[in-house]
Amino acid sequence: MQKVIIVDDDRIIRQWLSTAIPWQEYGFKLAGEASDGETAIELIEKEQPQIVISDINMPFMDGLELAKQVKSKSPDTYIIFMTGYEDFKYAHEALKLKVFDYLLKPVDKDQLLEKIKEAAMEWKANQKREKNLVEVTPYLQRNIFHKLTEPTNIPIDIEQELLSLGIELQGSCFVAILIKIDERSPTGINVENLKTSIKAVISQDLKKNQGAVMDAGIEQLLLLLSPHEEIEEIKISRFIHHLFQEIHKKIGIYTTVTFGRIYQEPFEMGFSILEAHLAMNMRHIMGKGQVYTLDDIVSDDSHYQKDITQLEEELVEQIKRGLPDKANETIQLIFRILVECKDATLQDIRFLAVKYITLLFHEAEKWNWRHTNSEYLTDHYREVMKMETLHEIFDLVQSILQEWKEFMNQKKEKNSFTIVDQAMEYVDAHYHLEGLTLQKVANIIHVSAPYLSNLFKVEKGINFGDYLLGLRMRKAMELFSENKIKTYEVADMVGYNNPQYFSICFKKYTGYTPAEYRKTH
């Protein structure tokens, strides 16, 4: 039986609505009535009704504000407005809030009953769709994980793929964490129940809007971490180790946890996912019940590892700056150390090569290199793991660097300055569009997202996300200063469908909440 609540400041209308319709006869329960929006909010939170019938024009809190708050807390609640001719101007706003329908006063009983029945039927249909979606979601999530980690020639827009699952990552940095169940609980809990328990542990450690959990296989979960503030690698590592310990403490099982590098753009989350996946593939070597990354695969107590640590740091910087000759010189120095010390095992050398190729793969995509797809990386990964000598392995690494060098030389001959200008011009004209991403802008001007991202940083000294945020916040400040409009309206006008998240971004950018900004400006 579906619950209905009536909200109207006119006692006579409330009484008429309560008695004019035989609620139980039509399968409804009249769960209560309220004389204003503030009282209604408390009643709605208590009763959790499926349908709310409300007047628009009321004291203390009008129907529009009531609908806004109800929708933010319980988007599945259906709202039917009643309005007089003088309040008909509010109907457009009501539709923007996605209320179910509105009726003109005086309300006809039969017409109202028909609208309530329609709302009830649609609510039931939505509940059925959501139930089906819940059942199929793990399979959809596994499919996306498979796309990101298996060889394919098809380009993948990870932001769009995640949005299709209702996952929107809008933090300041991004890192993927892969969690694999190593053993079953002594109590015999099945794998799916274990996953549910692990998700509960994760949710306790995550702050609001800081991440999302996906199914990544029969015994695997993928945590996509996206904190609002940029965070150091050591803090990410501490969080992951803490999570590992909490899973063992609260559930009583051991897991293997791997994670990728930290990235600054949403589209780069795919790189972090692939790195975590490649690291997990070394579980048979590293052992179960461990927390590690690709960088940890070679043991830190090896003599040669201490010698090449500084060289690896230089190699990372050289690849990021697009200096293939310098990177090749550094690779040669690492090669000489490994030959001379005679301390490295074949397995260690293979892992080092995979690490360098993975690094080059991800950084070189910023220049739109044709080889930067998962098939290219996976093929070389398999090739390296089959090689038997140090010379073979490092010849392969140097041949990849040579290909990259030839590509970079060709790139220098072309003038790419206007690409960023084209991107900025498009963003300036379309900043108000919901879901505007670097990938979408790159598609419009026919370049890759990593390439465009790198050009932004090199030419403008700022990343795409910061440029879009700054533009949207400046526009919002103008709207607050020039117009007396509500926060959710401003959020919608500058491309945010979530007013709460807009408020977080606004305060982060200006130091003021929207309400504080209005008072001081």
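Residues numbered from 1 in each chain as written. Predicted model: local features only at pLDDT ≥ 70, side-chain atom pairs only at ≥ 80, totals over all residues. Heavy atoms only, no water.

Caption draft 1: Structural detail: the sheet that holds strand 2 (residues 28-34). Sheet architecture is open: 5 strands sit in the order 2-1-3-4-5, paired in parallel fashion. Here the strands that pair on one side only, and so sit at the sheet edges, are strand 2 and strand 5 (101-104). Each adjacent strand pair in this sheet contributes to an overall mean axis angle of 20 degrees, direction not counted. Both strand 4 (residues 78-83) and strand 5 contribute to a ladder of 4 bridges, which runs parallel. From the neighbouring strand, phenylalanine 81 faces strand 5, where its bridge partner is tyrosine 102. Docked against the sheet, helix 2 (residues 37-47) engages strand 1 (2-7), strand 2 and strand 3 (51-55), running at close to 150 degrees with respect to strand 2. Relative to strand 4, helix 3 (residues 63-73) is tilted by about 180 degrees, and along the sheet it contacts strand 1, strand 3 and strand 4. (Pairing = 2+ DSSP bridges. Helix = DSSP H or I, 4+ residues; strand = E, 2+ residues; numbered from the N terminus. Axes fitted to C-alpha atoms, helices over the stretch in contact; angles between N-to-C directions. Contact = heavy atoms within 4.5 Å.)

Caption draft 2: Region of the structure containing a nonpolar patch on the surface. Where nonpolar side chains cluster on the molecular surface, the patch consists of Val136, Tyr139 and Leu140 and spans about 280 Å² of accessible area. Residue placement: valine 136 occurs in helix 5 (residues 109-149). (Patch = residues over 30% accessible without salt bridge, like charges linked within 9 Å, V, L, I, M, F, W, Y side chains within 5 Å. Areas by Shrake-Rupley, 256 points an atom, 1.4 Å probe, with all protein chains shown as cover. Salt bridge = Lys/Arg side-chain N within 4 Å of Asp/Glu carboxyl O.)

Caption draft 3: Looking closely at the packing of helix 19 (residues 464-482) against helix 21 (residues 499-510). For the pair helix 19 and helix 21, the least separation of the axes is 10 Å and the interaxial angle reads 95 degrees. Of the possible angle classes, the one that applies to helix 19 and helix 21 is roughly perpendicular. For the pair helix 19 and helix 21, the contacting residues are Leu469, Gly470, Met473, Arg474, Ala476, Met477 and Phe480 in the first and Phe502, Cys505, Phe506, Tyr509 and Thr510 in the second. Of the residues that constitute the contact of helix 19 with helix 21, the class distribution is 9 nonpolar, 2 polar and 1 charged. (Parallel < 35°, antiparallel > 145°, perpendicular 65-115°, else oblique. Nonpolar A, V, L, I, M, F, W, Y, C, P; charged D, E, K, R; others polar.)

Caption draft 4: Expanded view of the pairing of strand 9 (residues 255-259). Counting buried residues along strand 9, 5 of its 5 residues qualify, which places the element largely inside the surrounding structure. Here strand 9 shows no split at all, with Thr255, Val257 and Phe259 on one side and Thr256 and Thr258 on the other all buried. Sheet analysis places strand 6 (residues 175-181) next to strand 9, joined by 5 bridges and oriented antiparallel. Along strand 9, the bridge assignment pairs isoleucine 179 with valine 257. Summarising the sheet, strand 9 and strand 10 (residues 291-292) pair through 2 bridges and their orientation is parallel. Bridge pairing links valine 257 to valine 291 in strand 10. (Buried < 20%, exposed > 50% of the residue type's maximum accessible area, 1.4 Å probe, protein only.)

Caption draft 5: Up close: the nonpolar core. Residues Tyr356 and Phe394 are the most contacted members of the largest nonpolar core, which totals 40 residues. Elements represented by at least two residues in this core include exactly helix 9 (269-280), helix 11 (303-320), helix 12 (324-341), helix 13 (346-364), helix 14 (374-386) and helix 15 (390-412). Ignoring anything within four residues of it in the chain, the contact list for phenylalanine 394 reads Ile331, Ile334, Phe335, Leu338, Ile349 and Tyr356. (Core = buried A, V, L, I, M, F, W, Y, C linked by side-chain atoms within 4.5 Å.)

Caption draft 6: View of the environment of isoleucine 179. In this fold, isoleucine 179 is placed in strand 6. Linking isoleucine 179 and leucine 221, residues 42 residues apart in sequence, is a C-alpha distance of 5.2 Å. When sequence neighbours within four positions are dropped, the list of residues in contact with isoleucine 179 reads Ile202, Glu219, Gln220, Leu221, Leu243, Ile247, Thr255, Thr256 and Val257.

Caption draft 7: Quick look at empty space enclosed by the protein. Counting across every chain of the model gives 1 cavity of 30 Å³ or more. Computed from the structure, the largest cavity encloses a volume of approximately 50 Å³. Grouping the constituent residues of the lining of the largest cavity by class yields 9 nonpolar, no polar and no charged. (1 Å grid on protein atoms, 1.4 Å probe; cavity = no way out; pocket = protein on both sides within 12 Å on 5 of 7 lines; lining within 4 Å. Points joined across faces, edges and corners; volume = space filled by probe spheres on them.)

Caption draft 8: Representation of the packing of aromatic side chains. Applying the stated criterion to the full structure yields 12 aromatic pairs. Ring geometry for tyrosine 496 and phenylalanine 502: centres 5.6 Å apart, planes at 55 degrees, overall tilted. Aromatic pair phenylalanine 506 and tyrosine 517: ring centres 5.4 Å apart, planes at 85 degrees, arrangement edge-to-face. With phenylalanine 506 in helix 21 and tyrosine 517 in helix 22 (residues 514-520), the pair connects residues that are 11 residues apart, well separated along the chain. Neither phenylalanine 506 nor tyrosine 517 differs from the other in exposure class; each is buried. Here the aromatic residues Phe480, Tyr496, Tyr501, Phe502, Phe506, Tyr512 and Tyr517 are joined through ring pairs into a cluster of three or more. Geometry around tyrosine 78 places lysine 71 over its ring, the cationic atom sitting 5.8 Å from the centre. (Phe/Tyr/Trp six-rings, centres within 6.5 Å; stacked < 30°, edge-to-face > 60°. Lys NZ or Arg CZ within 6 Å of the ring centre and 35° of its normal.)

Caption draft 9: Molecular detail of the pattern of salt bridges. Counted according to the given criterion, the structure contains 13 salt bridges. We note a salt bridge from lysine 3 to glutamate 47, for which the minimum N-O separation is 3.3 Å. Placement of lysine 3 in strand 1 and of glutamate 47 in helix 2 is noted, with a sequence separation of 44 residues between them. You can call lysine 3 partly exposed: its relative accessible area is 22%.

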